[in-house]
Amino acid sequence: MALNSINDSFVTALAAQLPSDSLRVPDPRYLEEPRGRFFAQGGILALPRSAEEVSIILRACTKAKISVVPYGGGTGLVGGQVIADGPEPLILSLERLNRVRAIHALENVIVVEAGTILADVQSAAEAVDRLFPLSLAAEGSAQIGGNLATNAGGVNVLRYGNARDLCLGLEAVLPNGDIWNGLTRLRKDNTGYDLRNLLIGSEGSLGIITAAALKLYPRPSSRVTALLAVPTPSAALELLALVRSQVGEAVSAFELIHQQGVEFVAQTLPDVRIPLDQVPDWSVLIDLGLGALGEANSVLEDVLADAAEKGLVTDGVIAQSETQRNMIWSLREHIPAANKRIGAIASHDISLPLEELPKFIDLAGQKLARVGDFRINCFGHLGDGNLHYNVFPSVGESRDDYSSQRSDISRLVHDLVHEFGGSFSAEHGVGRLKAKDLERYADPVRLQAMRAIKNTLDPYGIMNPGAVLRAD
């Protein structure tokens, strides 16, 4: 069924049901995603303060058949927060739903509203000596509702899981305006279909998350970070297996870094210090956190002595202070910013079975070399199989010189990922950028079931049309 454009009578009727400052014309920050690939139409911006106000808005939009684009921190990288085509949408920003409703330290649970900035959730947990482990580059502006809507990953997935794994319950508003009061703090609730996990990762295409009950963890009493040179990605995987065999689940992060990424940082961000004197072809950043039963530095030193003897580590630095730890992490965290300054032809957020990663890296490089002269920055969360595989122009050329090849390059990479049993979207979601990829690679039975769920919960297709599933 066709969606309608916003008109003055709709705005007047909706405004009469909401506080006086709830509707406005959106300013430019709501109309563009970070990479500048998608530019939204103006429409109208709604700024509710409660689930009840979200309910009023969705009920009105369903009745008038007006499309709704949920907006969190605006940090998504697949175009899920902007819509460029079709009738002008209502942009629904959750930024005013930003309260910490409750902290249950003894239960290791925090209840927050969807517009709460991720860094503020982390700080609220730290204030009661707890850890909320979801951590990613945009945590200073990303909102927890968006993190859940995209099932965000980040650097600590290896130990703590994705956003989905950190959520116990949700409060959400369905497209017809019904409010689902699912803010349970229970660890066990085996009572039928799991609506929570249906909404998490749906990117606002099935409803609006307005609050969440999240898991907290004890803060590790001893932590250590190291940057280690490894001969190959295969050696990095062997090192991961060795470390985990000796310290179990204490490994919080295990990041693969390619020489190209370090060179990009040195070229574009000269104030960022490089911890190793000689930049190796491959290195790993490892972050280890122990409780009261061990001292992380000495434990890691023992493991690395064994690793060096096996030829898995050829050089490295172990942080001896918080300053050194921050320096190591700063290098990793600035790689995306350096990438942006260089300008990628095509960026890929992929995941593969761990054993297939080295073969993929070798074969993808060979296939791309047959297509053209590219620089490849392959880095990311090796411990959970998630790589950011980004293709850049050769020295002296611009990504615009390769614009005609962008789609073919991504097709090559994603086809190979699919052949290896991987995913074309590891942690950034599908959005509008990858909706065609979902149709190409998804199991057809799964795709049919997804469409049936969408049609049942959102029969008029008002919720973020074109995101995840392409609009008819």
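Use the structure listed above.
Residues numbered from 1 in each chain as written. Predicted model: local features only at pLDDT ≥ 70, side-chain atom pairs only at ≥ 80, totals over all residues. Heavy atoms only, no water.

**Q** Explanation requested: the overall build of the protein chain in the structure shown.
**A** When helices and strands are counted, the protein chain shows 14 helices and 18 strands. For 472 residues, the compact-globule estimate of 2.2 N^0.38 gives 23 Å, and the protein chain sits close to it at 23 Å. Overall, the protein chain is about 75 × 55 × 45 Å in size when its C-alpha atoms are taken along their principal axes. Of the roughly 20,500 Å² of accessible surface on the protein chain, a fraction of 49% belongs to carbon and sulfur atoms. A gap of 5 Å separates the mean positions of the 43 positive and 56 negative side-chain charges of the protein chain. (Helix = DSSP H or I, 4+ residues; strand = E, 2+ residues; numbered from the N terminus. Rg over C-alpha atoms; globule rule 2.2 N^0.38 Å. Areas by Shrake-Rupley, 256 points an atom, 1.4 Å probe, with all protein chains shown as cover. Lys, Arg positive; Asp, Glu negative; His and termini not counted. Charge placed at Lys NZ, Arg CZ, Asp CG, Glu CD.)

**Q** How do you make sense of the packing of aromatic side chains when you look at a structure like this?
**A** Note on aromatic pairs: each is described by the distance of the centres and the angle between the planes. According to the stated counting rule, one finds seven aromatic pairs in the structure shown. Cluster of aromatic residues (ring-pair linked, three or more members): Phe360, Tyr389 and Phe420. Positioned above the aromatic ring of tyrosine 460 is the side chain of lysine 65, whose terminal nitrogen or guanidinium carbon lies 4.5 Å from the ring centre. (Phe/Tyr/Trp six-rings, centres within 6.5 Å; stacked < 30°, edge-to-face > 60°. Lys NZ or Arg CZ within 6 Å of the ring centre and 35° of its normal.)

**Q** Hey, could you run me through unusual backbone geometry in this one?
**A** Note: most peptide bonds trans; most residues except glycine with negative phi. Despite not being glycine, asparagine 108 has its phi angle at roughly 60 degrees, a positive value. Along the chain, the position of asparagine 108 falls in the loop between strand S5 (100-104) and strand S6 (109-113). We classify asparagine 108 as buried; its relative accessible area is 17%. In this structure, aspartate 129 is a non-glycine residue whose phi angle is positive, near 60 degrees. Inspection of the secondary structure assignment puts aspartate 129 in the loop between helix H3 (118-127) and strand S7 (130-131). (Buried < 20%, exposed > 50% of the residue type's maximum accessible area, 1.4 Å probe, protein only.)

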